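This is what each chain is made of:
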Amino acid sequence: MSTQRDRALLFRSLHVPGRPLLLANAWDAASAMVVAAAGASAVATTSAGVAWSLGSPDGDRLGAAAARDLVARVAAGVSVPVSADIEGGYAQDAEGVGRTVREVLAAGAVGVNLEDADRTGAAPLRTIEEQTARLAAARAAADEAGIPMFLNARVDTYLGGSADLGETLERATAYVEAGADGVFVPGLLDLPALATLAGKVGAPLNVLAGFGAPDVAALAAQGVARISLGSAVAEAAYGVARRATEELLRSGTYTALDGAIPYPELNALLDARG
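Only a predicted model underlies this, so the values are computations on that prediction, with no experimental measurement involved. All chains use their own residue numbering, which begins from 1 and follows the written sequence. Only residues with pLDDT of 70 or above have their local features reported here, since the model is predicted, and side-chain atom pairs are shown and tallied only from 80 upward, although totals for entire chains, interfaces and linings are computed over all residues. For side-chain calculations, the full set of non-hydrogen atoms in the structure is used, while hydrogens and water are omitted.

Caption draft 1: Region of the structure containing the pattern of salt bridges. A pair is scored as a salt bridge if a Lys or Arg side-chain nitrogen falls within 4 Å of a carboxyl oxygen belonging to Asp or Glu. In total, this model carries eleven salt bridges according to the counting rule given. Linking Arg154 and Glu115 is a salt bridge whose minimum nitrogen-to-oxygen distance equals 3.3 Å. Taken together, the residues Arg154 in strand E5 (residues 150–154) and Glu115 in strand E4 (residues 111–115) connect sequence positions 39 residues apart. Burial status follows relative accessibility: with a 1.4 Å probe on protein chains alone, a residue under 20% of its type maximum counts as buried, one over 50% as exposed, and anything between as partly exposed. The class of Glu115 is buried, set by a relative accessible area of 2%. Here the residues in one salt-bridge network are Arg12, Arg139, Asp143 and Asp181, joined through shared partners. Only DSSP runs of H or I reaching four residues or more are called helices, and only runs of E reaching two or more are called strands; each is numbered from the N terminus.

Here is the structure:
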């Protein structure tokens, strides 16, 4: 059986520009096990999906304890590497970010996403200085734990910031210098801009894809090293729940349930963990 360090090193090795790591993000133990059984080489959580499954909105509202407990259940259910979306670190300061990282590593994660969005309302994004301090604290916590954790720095310039490629590159460069292993820029799918970032950042580039986005081959051709579906799979699952309910109530039929994993298969998959 592989050790956590082995899984961390494997996870690092999967980030290859032009041959990207593909992540259909999970939100609970069952979805993680389904993803792994489908052939995924790693599992990453989606903070939004995790929060929704626990009855909480996304956006640093869930808290470190609930996130840690979910990571522990996911890591216990799969043998592949697990990366945890810890949003802004569930902490007010860099010291707290380090504490959160130690907790999710203790729960079995070998990677984390740490975003620079500022949920306090002071500004859309944290300053570069503040975010680099938080990333450095995350890096130090992993080093102290002896785990070569993959620290993925999320740059939210294209979600709530300036949507400026120059600022994105400035932030990405600073984050890598602070200890990030990769850079995640959700909201940016312009292929020439992605090629520019991939060529200049000096670290694996992660993008967020979904329905209507360029396909894996097109993104890989720009040098992308990691493609995530984020909350989209959870959104699709909840979409099935709504469509099935509306169909049941309005027409009394059940076509929305087509394509479901059969009960015996899903139950056997979870039973196998024992």
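Caption draft 2: Quick look at a nonpolar patch on the surface. There is a patch of nonpolar side chains on the surface, built from Val240, Leu248, Leu249, Tyr254 and Leu257 and spanning about 540 Å² of accessible area. For Tyr254, the location among the structural elements is in the loop between helix H10 (232–250) and helix H11 (263–271). What makes Tyr254 exposed here is its relative accessible area of 57%. Candidate patch residues must exceed 30% relative accessible area and have no salt bridge, after which like charges are joined if within 9 Å and Val, Leu, Ile, Met, Phe, Trp or Tyr side chains if within 5 Å. Only the protein chains shown count as cover for residues, and the accessible areas themselves come from Shrake-Rupley with a 1.4 Å probe.

Caption draft 3: A look at the sheet that holds strand E1 (residues 21–23). Strand order in the open sheet made by the eight strands is E1-E8-E7-E6-E5-E4-E3-E2, with parallel pairing throughout. Strands with a single pairing partner mark the edges of an open sheet, and in this sheet they are E1 and strand E2 (43–44). Pairing of E5 with strand E6 (residues 182–184), which is carried by three bridges, proceeds in the parallel orientation. By the bridge assignment for E6, Arg154 is matched with Phe184. In this analysis, strands are considered paired if DSSP registers two or more bridges between them.

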